[in-house]
Amino acid sequence: MTAPVLELRNVVKTYSVKQGLMGRPKPLTAVKDVSLSLGRSEVLGLVGESGCGKSTLAKILLGLEAPTSGEVLVDGEALGAQDRLKLARRIQPIFQDPYSSLNPRKSIADIISLPLRVHGIGDAASQKQAVREILDVVGLPSRVMNTYPSQMSGGQRQRVAIARALIMKPEIVICDEPTSALDVSVQSQILNLLGELRREFGLTYLFISHNLAVVEHLATRVAVMYLGRIVEEAETGDLFDNPRHPYSRALLKSVLTPEPGLGVPDTQLGMAYPNPINPPSGCAFHPRCPLATELCKTRAPRPVPQDGGFVECHLYDRETEMFEQA
Amino acid sequence: MSDAMTDPLLAEIVGPTPGQLLRRRIFGHQGLLIGGTVVALLVLVAIFAPLLAPHDPYAQSLMARMKPPVFLGGTWEHPLGTDHLGRDYLSRLIYGARVSLMIGLVAAVISGLIGSVMGICAGYFGGKVDAVVTFLINVRLAMPVVLVALAVVAILGGSLTVMVSVLGLLLWDRFAVVLRASTRQVREREYVAAAKSIGASTPRILLAEILPNIVNNLIVVVTLEMAHAILLEAALSFLGLGVQPPTPSWGLMVSEGKNMMLFEPWLVMIPGTVLFVLVLGINLMGDGLRDVAAPENRS
């Protein structure tokens, strides 16, 4: 792996949640001590259930939320220290819902050229030309420039959102579930477009999704997130062939197969997702883990390096084995 | 991904511009056209009052008191008759449009500015700003408008300036409440997050991303409050604490006519009808403007 373009070091994000009228606010840790790094033109897939902290992580990376502690480094520079405008040129988002991410009162040309206008790049004519070019890149005809988002389909809107993200030629694109609001047929078009654009412009993606098929298609590496922690990180092929963490196994098992009569797969996860305000003791996954031992209930596991990644589970920790034998 | 740029013919194929679409929407909306015409006519009447009025609205003539209007057997000398002091009713009506429109417009602008700034700031920033604004709204809502206006007018004396300032400083509550709620809603949209991550400044986000999306609510409240202010002025003038005689005001005309109402009902009916038509026109126009400004909410 080359030098990381984007690096997270021990990032923690805590919100305080009010408990009723009289109750004291309680801390909710959405992201717990997460470290990640992305190499140039890599695609890191970030997967996990709803509410595990994926989107919070995306907001921190975009500078929309400040981490409670820890550091975000872009090309080795701390994110907080950089100018917001400078940061915006390097990191751009593609959001989940193209019905909400485009201002309904603005024409497509206005939406796409907003970054250029905010940063004062070029005059009106050159901005218009840039919009035409980027529309061509994302596969939209230039006649849509004068239309409004309400006149477009979901797939077209997402192409507009991609055009807006790419018009300033950023290095890193944070894709927060960019296909989950789209039809299956449109999903694949958008994914293929994202893949083509990566090759063409050498983009680096952080690809957040709960759709494992999408992640397998696009990502070079995958990080699995559970209750604010990254519990496993591995090369894509490796993770899908040989998932190590029990949670990764359950996630892979939960994918619906098109085979009739098979029914809904039994993931053995059984219990509902734990309340993040009162996270379980020890390993946060232990109440749902089919392989949990006594130790899992009391001691949090530490990251264990595996080839090309790590897994955070007592099952793979040598020290734990020795601890148990003793 | 063919290169459409290189072909000049293809590059020219663009849909109607936003301006053309807007014009189409305006002229396709009946309510807006009717309301707009009524308001525009009354505005023109108010502006050109000295040219339109057949008589001096203040000139009294005891010889020509209580002349009926033309449609009740009067003469064309006084098309809408005369009041109890022999003043030409049509001329007073025409000059009265100035008072009503002035009060409606200025009061709505003053209260709109106060209320919008408070509401948008409370909705966007939340937290302490929101707490302060909500407190102020509650304080304001606890005060009965008519009573406060009556008290102030009783102390300072009734004049157009006092009326406009009092109404402007009292009627901002609905602006603040409505815009606070709609800003909170719009703030959560992803296009606001997108603008932030582009690096847009807070004023830009407020004015270019949020304001256009709540402006339809603002328009509706502006027209409601305009109508509200006009009716309040009429009510206060009717009670004798608004615009002072002999200034021609529609509310005052109703008030002066009420003693003779059983014998000469047109004294009350004519200013009442004009008041009703103006308020209806303003409300129709507001509804229409909202529809035109929010094309995605219509089929």
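Counting restarts for each chain: residues are numbered from 1 in the order of the written sequence. All chains are assigned letters beginning at A, and all ligands numbers beginning at 1, according to the order in which they are written. Under the rules for a predicted model, residues below a pLDDT of 70 receive no local features and side-chain atom pairs below 80 are neither given nor counted, while totals for whole chains, interfaces and linings still include all residues.

> Give me the overall build of chain B: which residues, what numbers.
A tally of helices and strands in chain B yields 13 helices and zero strands. Note that the radius of gyration is over C-alpha atoms, with the globule rule given as 2.2 Å times the number of residues to the power 0.38. Over its C-alpha atoms chain B spans a radius of gyration of 24 Å, topping by over 25% the 19 Å that the globule rule assigns to 299 residues. The C-alpha extent of chain B, read off along each of the three principal axes, is 85 × 55 × 30 Å. To assign burial, the other C-beta atoms lying within 10 Å of each residue's own C-beta are counted, with C-beta atoms placed from the backbone; 20 or more indicates buried, 12 or fewer indicates exposed, and intermediate counts indicate partly exposed. For chain B, with 299 residues in total, the buried portion stands at 42%. Here contacts are defined at the residue level, using C-beta atoms placed from the backbone and a cut-off of 7 Å between them. The contacts in chain B between residues at least 6 apart in sequence include a share of 70% that link residues at least 24 apart. Only DSSP runs of H or I reaching four residues or more are called helices, and only runs of E reaching two or more are called strands; each is numbered from the N terminus.

> Could you give an account of the sheet that holds strand β5 (residues 77–78) of chain A, with specific residues and numbers?
Residues and elements named next belong to chain A. Criterion used throughout: strands pair if DSSP finds at least two bridges between them. Sheet architecture is open: four strands sit in the order β2-β1-β4-β5, paired in antiparallel fashion. One side of each edge strand has no neighbouring strand; the edge strands of this open sheet are β2 (26–39) and β5. With two bridges connecting them, strand β4 (residues 69–74) and β5 associate as antiparallel partners. The partner of V74 across the bridge, within β5, is E77. Against the sheet, helix α1 (residues 54–61) touches β1 (4–17), β2 and β4, its axis set at about 65° to β2. In this analysis, axes come from line fits to C-alpha atoms, helices being fitted only over the stretch in contact, and the angle between any two N-to-C directions falls in the range 0 to 180 degrees.

> Can you break down the sheet that holds strand β7 (residues 172–176) of chain A residue by residue, with the values?
All names here are of chain A. An order of β6-β7-β8-β3-β9-β10-β12-β11 is seen for the eight strands of this open sheet, with the pairing classed as mixed. The outermost strands of the open sheet, each flanked by one partner alone, are β6 (91–94) and β11 (304–306). The mean inter-strand angle of the sheet, taken between neighbouring strand axes irrespective of direction, is 25°. Bridging between β6 and β7 involves four bridges; their strand directions are parallel. Opposite Q92, over in β7, you have V173 as the bridge partner.

> Could you give an account of the UniProt feature "transmembrane region" (unreviewed entry) in chain B, naming the residues involved and the relevant values?
UniProt positions are given in the numbering used here, feature names are shortened, and annotations may be inferred rather than shown by experiment. Residues given the UniProt feature "transmembrane region" (unreviewed entry) here are residues 32–53, 99–125, 145–172 and 263–282 of chain B. For the annotated span residues 99–125 of chain B, helix accounts for 100% and strand for 0% of the residues, and the straight-line distance between the end C-alpha atoms is 38 Å.

> How would you summarise the packing of helix α7 (residues 145–156) of chain B against helix α11 (residues 202–238) of chain B if you had to cite specific residues and measurements?
Residues and elements named next belong to chain B. Where α7 contacts α11, the axes come no closer than 11 Å and their chain directions differ by 55°. For the element pair α7 / α11, the angle class is oblique. When the axes of α7 and α11 are compared, the crossing they make is right-handed. Residue-level inspection shows V145, V146, A149 and V153 of α7 in contact with α11, the latter providing L232, A235 and L236. Basically, the charged four are Asp, Glu, Lys and Arg, the nonpolar ten are Ala, Val, Leu, Ile, Met, Phe, Trp, Tyr, Cys and Pro, and anything else, Gly included, counts as polar. Looking at the contact of α7 with α11 residue by residue, the classes come out as seven nonpolar, no polar and no charged. Any angle that falls under 35 degrees is termed roughly parallel, while one over 145 is termed roughly antiparallel, one within 65 to 115 roughly perpendicular, and all others oblique. Take the far helix as your reference; a near helix turned counterclockwise from it by less than a right angle gives a left-handed crossing, and one turned clockwise gives a right-handed crossing.

> A description of the pairing of strand β9 (residues 221–226) of chain A should follow, citing residues and the corresponding values.
Consecutive residues of a regular strand have side chains that alternate between opposite faces of the sheet. Residue and element names in this part refer to chain A. Most of β9 sits out of view: six of its six residues are buried. The two faces of β9 match: R221, A223 and M225 on one face and V222, V224 and Y226 on the other face are all buried. The pairing of strand β3 (residues 43–47) with β9 spans four bridges and is parallel. Paired with L44 across the bridge in β9 is R221. Sheet topology places β9 next to strand β10 (residues 229–235); six bridges connect them, and they run antiparallel. Its bridge partner lying in β10, V224 is registered against E232. Counting the residues in the hairpin turn of β9 and β10 gives two residues, including L227, whose phi is positive at 50°.

> How would you explain the packing of helix α9 (residues 173–187) of chain B against α11(B) if you had to name every residue and give the values?
Residue and element names in this part refer to chain B. Where α9 contacts α11, the axes come no closer than 10 Å and their chain directions differ by 160°. Between α9 and α11, the angle is such that the two are roughly antiparallel. As for how α9 packs across α11, the hand of that crossing is right-handed. Contacts between α9 and α11 involve R174, F175, V178, L179, S182, T183, V186 and R187 on the former and, on the latter, I210, N213, I214, N217, L218, V221, L224 and E225.

> Break down the nonpolar core for me, citing the residues and quoting the values.
One broad trend across soluble globular proteins is that nonpolar side chains are buried collectively. Here a nonpolar core is just a set of buried residues of the types Ala, Val, Leu, Ile, Met, Phe, Trp, Tyr and Cys, joined wherever their C-beta atoms sit within 7 Å. The biggest cluster of nonpolar side chains holds 158 residues, and the ones touching the most others in it are L206(A), F207(A), V224(A) and L167(B). For this core, the leading source of residues is helix α5 (residues 89–125) of chain B, giving 16 residues. Look past the residues within four positions of V224(A) in its chain and what remains in contact with it is V47(A), G48(A), I230(A), V231(A), E232(A), H245(A), Y247(A), S248(A) and L251(A).

> Describe the pairing of β3(A), with residues and values.
Residue and element names in this part refer to chain A. The buried count for β3 comes to five of five residues, which makes it a mostly enclosed element. Pairing of β3 with strand β8 (residues 204–209), which is carried by five bridges, proceeds in the parallel orientation. Residue L44 lies in a different strand from β8, and its bridge partner there is L206.

> Go over the UniProt feature "domain: ABC transmembrane type-1" (unreviewed entry) in chain B, please, and point to the residues and values.
Mapped onto the present numbering, the UniProt feature "domain: ABC transmembrane type-1" (unreviewed entry) falls at residues 97–286 of chain B. Spanning residues 97–286 of chain B, this segment combines 83% helix with 0% strand, and its end C-alpha atoms are found 19 Å apart.

> Now, about the confidence of the model for chain B: what can you tell me, with residues and values included?
Confidence scores labelled pLDDT are given residue by residue by the predictor and lie between 0 and 100. Residues at a pLDDT of 70 or more form 92% of chain B, whose mean pLDDT is 83. Predicted complex, confidence summary: ipTM 0.79, pTM 0.78.

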